[in-house]
Each structure stands twice: as structure tokens, then as C-alpha cells.
Amino acid sequence: MTGPDRHFACTQCGACCNRAPELELGEAADFAETFVLRLMLRIYSLPRALGDFTSDLPREEASAEFYESKRLLGQFAATSWPVKVQRGTKAVEYIQYLSLSVLPLDLGTGSCPALSLTNCSIYEARPLSCRSVPLHYSRPEAAATRDLDRFTATPTFACNTGLDAPLVISSQRVVEPAMLAARAAAATQAQADQGWKAGIVKAMKAGQHGLPKPREVEAQAAQGALTASMLGAWHIAEAAGLIEPGSVQSFLSAQACLIERELERPTLGRDAAQTLREMHRKYQAALAI
Ligand code: SF4
Ligand code: SF4
């Protein structure tokens, strides 16, 4: 399989930091003082058979994209199940993958809370998804050239794609060491989070901790992701012995302090302010128990 090489360097224009980044579950504790965190539940779908997969890539690359997507979805998903979808006269079998991750609350400011002017204020310790920009680690390498071209073609983005920038893709493979390291670290994190995700799925099925049932997430899939409080996720991790005793209290304290700071933010959106006040009330109540 061949493809044109691609060069890329971030010029730190800050344009793609227009919202806070999605995190893996196991990253949440590290960012409890930076982002107001919500559990994100989302469904991804992929046909079971290659013959039902559609792609704008040439046939051989589309095939690689399909099999790599299947592997990556399985790697990052909390659970999966088959469904039949009517496509014209044909019932096509899909696999639905339930993704559980962490999404910082959108404060309605139009930028990531960690962005300072055009610079990332936590650059050395930024999340895995930011480390893998412009190619998210959960995306197949087979589609990397297309994905990079789409990203860098965004009119406001000032990425350097000239020959003076490092080579990042060669023959449809990511070759840049930092991006490869971020992809490997994300895969390791996903593996480490599997027990936690399984506990959350179990609680979802049992209707515990105010979590939606998997079918409810599925029913909402066309409208996008659902979010829920991280409180239940933390208690599940604690009950399963996945985190140190006292970690829940530390997380809630850090989040409550951060929420108080964010409520002072002059550019805060009205909806975000309301959500923050509600979260603060719940976290304070949980801390008082
Ligand atoms: S954490 Fe840093 S790199 Fe990531 S979106 Fe925010 S400002 Fe940008
Ligand atoms: S848009 Fe490109 S140059 Fe600007 S911050 Fe993002 S990756 Fe860097």
C-alpha cells in the first residue's frame, strides 16, 4: 500500500483549541483541577462485513480502514452488540460500540479552558488526544492522509504542512515518534481502563448511579453523545478497588474548587453557569456525607 508523504508541524496558532479535549477515563484524575469533567457516553457503528462498509478511499485502502477501524473500536469500546439496520431493501448487520470517555464541560467561551492567548498552558502535560493532533489516536492509520488533509485544510488553522516540517505520514503509516508514542500510550490507557468501563456498563444495565441504560445511549446516538455526572463513575472505580481509598473525595474537592473559579469567569455562558452551579451543589452534598 502506498500514498504520498505528509509533513506537519504545529505553529501554536491555537485555532484548533476551540474547545476542551476529550479524555480517556484514566486521565480524568490528572485533569480534575483543569477541566470540569463529565462522563461521556457515545455509540459508534461499523458494518459487520467489509462489503457493507462505505469509504471515500480507494478499495485497498478502504479495506485497511475497515479492519483497522474494527480493531480500534473494539480496543477503546466499553462493550458492543450487533444490530440490524434497514438499508433500502437490505437488512445490514452493524456492530454498535459503546464508548465511555470523559468530556470537559463546554463553558461556552469558544476555547479550551487551558488555552492562554494562543498557547496551551499545560502543554508538557496535555491530554493524549492533544498529543496526537492532528490525527486522533482512535482513528485508523489507513485513513491518516485523508484525515490530516481535512484537518489542515480548515481555513482558520495555521498548521505548517511544508517540507520544512517533520514527516508525519509515510505510505499511509504514522511515522512521527511523538504521535506514535501518543497512540501507544492511549492504547495502554484503554487497556488499563477496561475494568472500570466494565463496572460502569454493569451499573448502566442495572440502572445505578443515575447512569443511562446502554439502549438509551443507542436511542440518542443520532443526536450525538450523552453526558452524565462523573460521581457514579468514581464510586464504581472505588468499589472495584481501581482507585486509592479517598480518591473520590480528592476528585470532588478539586472539581468543586475549580467550579467555583470557573463561575467567576467573565465570559462564562449562561447554560454553562447553570450546569456548574448544579454540579457544585451535588459535589458539595456528596462531600458532606
Ligand atoms: S489542553 Fe492544550 S492543546 Fe489541548 S485543547 Fe486545550 S489548550 Fe489545546
Ligand atoms: S490549528 Fe494546527 S497550528 Fe494551530 S494549534 Fe492546531 S495543530 Fe497547531
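This structure is a prediction, so every number in the text was calculated from the model and none was measured.

Novice: How do you make sense of the sheet that holds strand S2 (residues 37-47) when you look at a structure like this?
Specialist: Pairing within the open sheet is antiparallel, and its four strands lie in the order S3-S4-S2-S9. Across the chains shown, the open sheet's two edge strands, defined by having one partner strand only, are strand S3 (79-87) and strand S9 (226-228). Averaged over all neighbouring strand pairs, the angle between strand axes comes to 30°, with direction disregarded. Pairing geometry for S3 and strand S4 (residues 90-104), over nine bridges, is antiparallel. Each residue of the ladder has a partner; that of lysine 84, found in S4, is glutamate 93. Along the sheet, helix H1 (residues 59-76) makes contact with S2, S3 and S4, crossing S2 at roughly 150°.

Novice: Looking at this structure, I do not really get the sheet that holds strand S1 (residues 6-7). What am I missing?
Specialist: The strands making up a sheet associate through backbone hydrogen bonding, with each pair oriented either parallel or antiparallel. The sheet built from three strands is open, its strands ordered S1-S7-S8 with antiparallel pairing. Each having just a single partner strand, S1 and strand S8 (173-174) make up the two edges of the open sheet. As judged from the two bridges shared by S1 and strand S7 (residues 167-170), these two strands associate in the antiparallel manner. Considered in S7, the bridge of arginine 6 is made with isoleucine 169. On the sheet, helix H3 (residues 144-152) packs against S1, S7 and S8 and is oriented at approximately 135° with respect to S7.

Novice: I'm lost on the packing of helix H5 (residues 194-206) against helix H7 (residues 230-239) in this one. Help?
Specialist: The description of two packed helices rests on the angle between their axes and on the distance between the axes. Between H5 and H7, the least distance of the axes is 9 Å, while the angle of their chain directions is 115°. As for the relative orientation of H5 and H7, their crossing is right-handed in sense. The residues of H7 that touch H5, namely those facing Trp196, Gly199, Ile200 and Ala203, are Gly232, Ala233, Ile236 and Ala237. Across the contact of H5 with H7, the residue classes break down as six nonpolar, two polar and no charged.

Novice: Would you mind showing me how to read the packing of H7 against helix H8 (residues 247-262) here?
Specialist: In the contact formed by H7 and H8, the axes pass within 9 Å of each other and the chain directions differ by 160°. It follows that H7 is roughly antiparallel to H8 by the angle criterion. Handedness of the crossing formed by H7 with H8: right-handed. In this structure, H7 contributes Trp234, His235 and Glu238 to the contact, and H8 contributes Ser247, Val248 and Phe251.

Novice: Honestly, the site of ligand 2 in this entry has me stumped. Any pointers?
Specialist: By nearness alone, 13 residues border ligand 2, and Cys10, Cys13, Cys16, Phe157 and Cys159 come closest of all. Broken down by class, the residue content of the shell around ligand 2 amounts to ten nonpolar, three polar and no charged.

Novice: Looking at this structure, how should I read the site of ligand 1?
Specialist: The environment of ligand 1 is made up of Cys17, Ala20, Pro21, Cys112, Ala114, Leu115, Cys120, Ile122, Arg126, Pro127 and Cys130. Tallied by class, residues from the shell around ligand 1 come to ten nonpolar, no polar and one charged.

Novice: Is there a simple way to think about the pairing of S3 in this case?
Specialist: Every regular strand shows the same layout, with side chains that alternate between the two sheet faces. Among the nine residues that make up S3, zero are buried, leaving the element largely open to the surroundings. In this structure, the hairpin formed by S3 and S4 is closed by a connection of two residues, where glycine 88 is found at a positive phi of approximately 65°.

Novice: Any chance you could explain the confidence of the model for the protein here in plain terms?
Specialist: In low-pLDDT segments, the atomic positions of the prediction should not be examined closely. For the protein, the mean per-residue pLDDT works out to 94, and 99% of the residues sit at or above 70. Confidence scores differ between elements of the protein, with H7 showing the lowest mean pLDDT of 91 and S1 the highest of 97.

Scoring rules and cut-offs
- Residues numbered from 1 in each chain as written.
- Chains lettered and ligands numbered in written order.
- Predicted model: local features only at pLDDT ≥ 70, side-chain atom pairs only at ≥ 80, totals over all residues.
- Pairing = 2+ DSSP bridges.
- Helix = DSSP H or I, 4+ residues; strand = E, 2+ residues; numbered from the N terminus.
- Axes fitted to C-alpha atoms, helices over the stretch in contact; angles between N-to-C directions.
- Contact = placed C-beta atoms within 7 Å.
- Left-handed = near helix turned anticlockwise from the far one by under 90°.
- Nonpolar A, V, L, I, M, F, W, Y, C, P; charged D, E, K, R; others polar.
- Parallel < 35°, antiparallel > 145°, perpendicular 65-115°, else oblique.
- Near = placed C-beta within 6 Å.
- Buried ≥ 20, exposed ≤ 12 C-beta atoms within 10 Å, placed from the backbone.
- pLDDT = per-residue confidence, 0-100.

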